Amino acid sequence: EQNMTSLIMIFGATGDLAKRKLFPSLYRLFSKNKLDKFAVIGVARRTLTNEEFQQSVRESVVSALGNKDNLDEFVSHFYYQSHDVADSSSYITLRKFADKIDDNYQLEGNRIFYLAMAPEFFGPIALHLKSDGLTDVKGYKRLVIEKPFGHDLESAKELNKQIRSAFLEKEVYRIDHYLGKEMVRNIEVIRFANAIFEPLWNNRYISNIQITSSETLGVEERGRYYETSGALRDMLQNHMMQMVALLAMEPPIKLTTDEIRSEKVRVFRALRMVEGDDVNNYFVRGQYGEGTIDEKQVPKYRDEIMVDKESNTETFVAGKIMIDNFRWAGVPFYIRTGKRMAAKSTKIVVQFKDIPMNLYYQTDKLLNPNLLVIHIQPEEGITLHLNAKKAGGHLDAQEVKLSFANTGVHAMNTPEGYEKLLYDCMRGDATNFTHWEEVAYSWAFVDKISEAWKNAKADFPNYEAGSMGPKEADELLEKDGRFWWPVT
Ligand code: NAD
């Protein structure tokens, strides 16, 4: 039974995330008639009237989606409350206001609290929501929380304690926006709905799996935050590890939230932990130097605003992740992610093992292995690389590619990630949000790497902006007799 009636409170409603993602996503749900009764209270520090706030919501929808004719009605559901996150009296005012809106719109006491604010406020807000009575409702209450969830295991535990004193685990929706992406959600369907993949999905037939998530952008205005984070915490701990878990998990008994999450957790439990000097055998870090992207000269990371001139922060990480269980023993999951790289692209390449004996040769080289490529962004689709006879040739084989692009009729209006995640949260489906246990295991894994790196100064910058990262990332695969499949 789906109940899409809810009061949504957005903390940080004048921020970038709210404007670029949340308001347009809510509009999309509204225009598809997916919301029943709803109202939104935007909460932020500055003073605004409801009208000014509604105007900013209108502008954000228009700038994301163009002009729409039912915008007046949409924005009439939005209210604003100026708020000081540290002050109880602010929450008490907010509670009274929320109760009134709840009455006016008959929202059945259902509440979603969306924390789109700096992470240091997550814990204090959760505590206040409880102590000042905002969570005391007769309907459901859910907390949506943005990344980062802590910056190591200790801080994540502390944050979790604060949150859990106000919300049950099943009421907490930890956002990993990669889990809102169409093709990330497709991984499990490709795997578990196809007789031609699942039987081969193991160490007998798969040689290695490569996950690349590259950006061309640099750190932009986020230097202050990024200096405390780096690629390891910003990308690997959450998004990359989630993709690894989805690729590696056992088939769940049923497609329920609990079953899927517990299979993912089992993957995390099987991760080979690497620590100390051994880290350098498995992981490589990088930081971009100057270079050219799209024919424009760009500065090195250390020259970006709010960045230390001698910064030791990594803007690139590559690694070899081993999952020591029966299915995956011996199969590396190679990952790499970074800023200021040659292309904006997220792709997964599953490389199958070579057949026992090659009878066919291409004109000048050995047969290509079979590859299954999952394109996550910007293109969405899958490509299967096969070998077939070269037309007209004699015993020549050549590579052919079967492609499915997730565009055109099948994917008209593919909903945006945040739209799907908001919809899931309103429906009470937490499958595509991260469970505390996943967060904890993944931090435990990443902490060992950051500890090793913290104690040894890196030789930065070590890759040119506009490249695919430092040469050590290539060597990581070369020493295993492999190479990165090109993603551009
Ligand atoms: P932002 O700096 O643009 O917005 C912060 C918001 O918090 C503003 O509305 C501001 O008024 C409010 N705020 C700050 N201090 C306050 C206080 N003391 N009391 C009340 N309100 C206060 O930040 P953002 O980019 O929107 O990011 C918000 C969260 O979302 C962060 O956790 C970030 O990591 C996460 N996130 C953002 C993006 C993105 O695309 N911007 C993507 C993924 C995750």
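None of these values were measured; they are calculated from a predicted model.

A. Main features of the UniProt feature "binding site: NADP(+)" (unreviewed entry) in the chain. Feature annotation in UniProt places "binding site: NADP(+)" (unreviewed entry) on Gly12, Ala13, Thr14, Gly15, Asp16, Leu17, Ala18, Lys19, Arg45, Asp84, Val85 and Lys147, given in this structure's numbering. Of the annotated positions mentioned, Lys147 line the largest cavity. Tracing the chain through its elements places Lys19 in helix α1 (residues 16-31). Along the chain, the position of Val85 falls in the loop between β3 (78-82) and α4 (88-105).

B. Summary view of the site of the ligand. By nearness alone, 20 residues border the ligand, and Thr14, Asp16, Leu17, Arg20 and Lys147 come closest of all. Asp16 has a polar side-chain atom sitting 2.6 Å from a nitrogen atom of the ligand. Lys147 has a polar backbone atom sitting 2.8 Å from an oxygen atom of the ligand. Compared with its free state, where it exposes 830 Å², the ligand has 75% of that area covered by protein. The dominant element in the shell around the ligand, judged by the number of residues it contributes, is α1, at three residues.

C. Structural detail: α4. Between the first and last C-alpha of α4 there are 26 Å, a value that for 18 residues agrees with the 26 Å anticipated at 1.5 Å per step. Every buried residue of α4 is listed here: Ser90, Tyr91, Leu94, Phe97, Ala98, Ile101, Asp102 and Tyr105. Seen along its axis, α4 keeps its buried residues to an arc of 145 degrees; they face one direction. Across α4 from its buried face, at more than 90 degrees, point the exposed residues Lys96 and Asp103. In this fold, the buried residues of α4 make contact with β1 (6-11), β2 (38-44), β3, β4 (111-115) and α5 (122-131). The positive-phi residue at the C-terminal boundary of α4 is Gln106, with phi of around 50 degrees.

D. Quick look at the pairing of strand β9 (residues 288-293). Relative to strand β17 (residues 463-465), β9 is paired through three bridges, and the arrangement is parallel. Counted as the bridge partner of Gly289 is Glu464 from β17. Of the pairings in the sheet, the one linking β9 to strand β10 (residues 296-298) comprises three bridges and is antiparallel in character. Looking across to β10, one finds that Thr292 is bridged to Gln297. Hairpin connection of β9 to β10: two residues between the antiparallel strands, including Asp294 at a positive phi of 50 degrees.

E. Broad picture of the layout of surface pockets. Volume-wise, the second largest pocket comes out at about 370 Å³. Lining the second largest pocket are 17 residues, and of these Arg233, Glu314, Ser450, Trp453 and Lys454 lie nearest its centre. Elements that contribute at least two residues to the lining of the second largest pocket include exactly α6 (153-164), α9 (230-248) and α13 (436-454). Per-element accounting of the lining of the second largest pocket gives the leading share, five residues, to α13.

F. Expanded view of the pairing of β2. In terms of burial, β2 is a largely internal element, seven of the seven residues being buried. Because side chains alternate across β2, one face comprises the buried residues Phe38, Val40, Gly42 and Ala44, and the other comprises Ala39, Ile41 and Val43, equally buried. Bridge count between β1 and β2: six bridges; the pairing is parallel. Bridge pairing links Leu7 to Ala39 in β2. Viewed along the sheet, the connection from β1 through α1 into β2 turns out right-handed.

G. Structural context of the nonpolar core. Core analysis: the biggest nonpolar cluster contains 105 residues, and Phe11, Phe283 and Ile348 have the highest contact counts within it. In terms of residue count, the dominant contributor to this core is α9 (12 residues). Judged by nonpolar contacts, the second largest core, of 39 residues, contains Ala44, Tyr114, Ile175 and Tyr418.

H. Quick look at the pattern of salt bridges. Per the stated rule, a full pass over the model turns up 30 salt bridges. Here Asp234 makes a salt bridge to Lys147, at a shortest N to O gap of 3.3 Å. Of the two residues, Asp234 sits in helix α9 while Lys147 sits in the loop between β5 (141-145) and α6, which places them 87 residues apart along the sequence. Taking relative accessible area as the criterion, Asp234 reaches 3% and is therefore assigned buried. Sharing partners across several salt bridges, the network here consists of Arg185, Asp424, Arg427 and Asp429.

I. Structural context of the environment of Ala166. Along the chain, Ala166 turns up in the loop between α6 and β6 (172-174). Between the alpha carbons of Ala166 and Phe53 there is a distance of 29 Å; along the sequence they are 113 residues apart. In this structure, Ala166 is in contact with Ala126, Lys130 and Lys141, ignoring residues within four places of it in sequence.

J. Representation of the side chain of Ser311 within the structure. With respect to the element layout, Ser311 can be found in the loop between β10 and β11 (316-321). Accessibility expressed as a relative area gives 2% for Ser311, which makes it buried. Polar contacts involving the side chain of Ser311 include one to the side chain of Glu227, which spans 2.7 Å. A distance of 3.0 Å separates a polar atom in the side chain of Ser311 from the backbone nitrogen of Thr313. For Ser311, the residues in contact, after removing those within four places along its chain, are Glu227, Gln287, Tyr301, Arg302 and Phe460.

K. Just the sheet that holds strand β12 (residues 333-338), in detail. A sheet is described by the order of its strands in space; here eight strands give the open sequence β8-β11-β12-β7-β13-β14-β15-β16, paired in mixed fashion. The outermost strands of the open sheet, each flanked by one partner alone, are β8 (283-286) and β16 (397-405). On average, adjacent strands in this sheet sit at an angle of 15 degrees to one another, irrespective of strand direction. Sheet topology places strand β15 (residues 381-389) next to β16; nine bridges connect them, and they run antiparallel. Note on β16: the bridge partner recorded for Ile382 is Phe404. Across the sheet, helix α14 (residues 471-478) is in contact with β7 (206-214), β8, β11 and β12; its angle to β11 comes to roughly 10 degrees.

About the cut-offs
- Residues numbered from 1 in each chain as written.
- Predicted model: local features only at pLDDT ≥ 70, side-chain atom pairs only at ≥ 80, totals over all residues.
- Heavy atoms only, no water.
- UniProt positions renumbered as here; feature names shortened; annotations may be inferred.
- 1 Å grid on protein atoms, 1.4 Å probe; cavity = no way out; pocket = protein on both sides within 12 Å on 5 of 7 lines; lining within 4 Å.
- Helix = DSSP H or I, 4+ residues; strand = E, 2+ residues; numbered from the N terminus.
- Near = heavy atom within 4 Å.
- Polar contact = N/O pair within 3.5 Å; in protein donor to acceptor, adjacent residues only side chain to side chain.
- Areas by Shrake-Rupley, 256 points an atom, 1.4 Å probe, with all protein chains shown as cover.
- Expected span 1.5 Å × (residues − 1).
- Buried < 20%, exposed > 50% of the residue type's maximum accessible area, 1.4 Å probe, protein only.
- Arc of directions from axis to C-beta.
- Contact = heavy atoms within 4.5 Å.
- Pairing = 2+ DSSP bridges.
- Points joined across faces, edges and corners; volume = space filled by probe spheres on them.
- Right-handed = clockwise from strand over helix to strand, strands pointing away.
- Core = buried A, V, L, I, M, F, W, Y, C linked by side-chain atoms within 4.5 Å.
- Salt bridge = Lys/Arg side-chain N within 4 Å of Asp/Glu carboxyl O.
- Axes fitted to C-alpha atoms, helices over the stretch in contact; angles between N-to-C directions.

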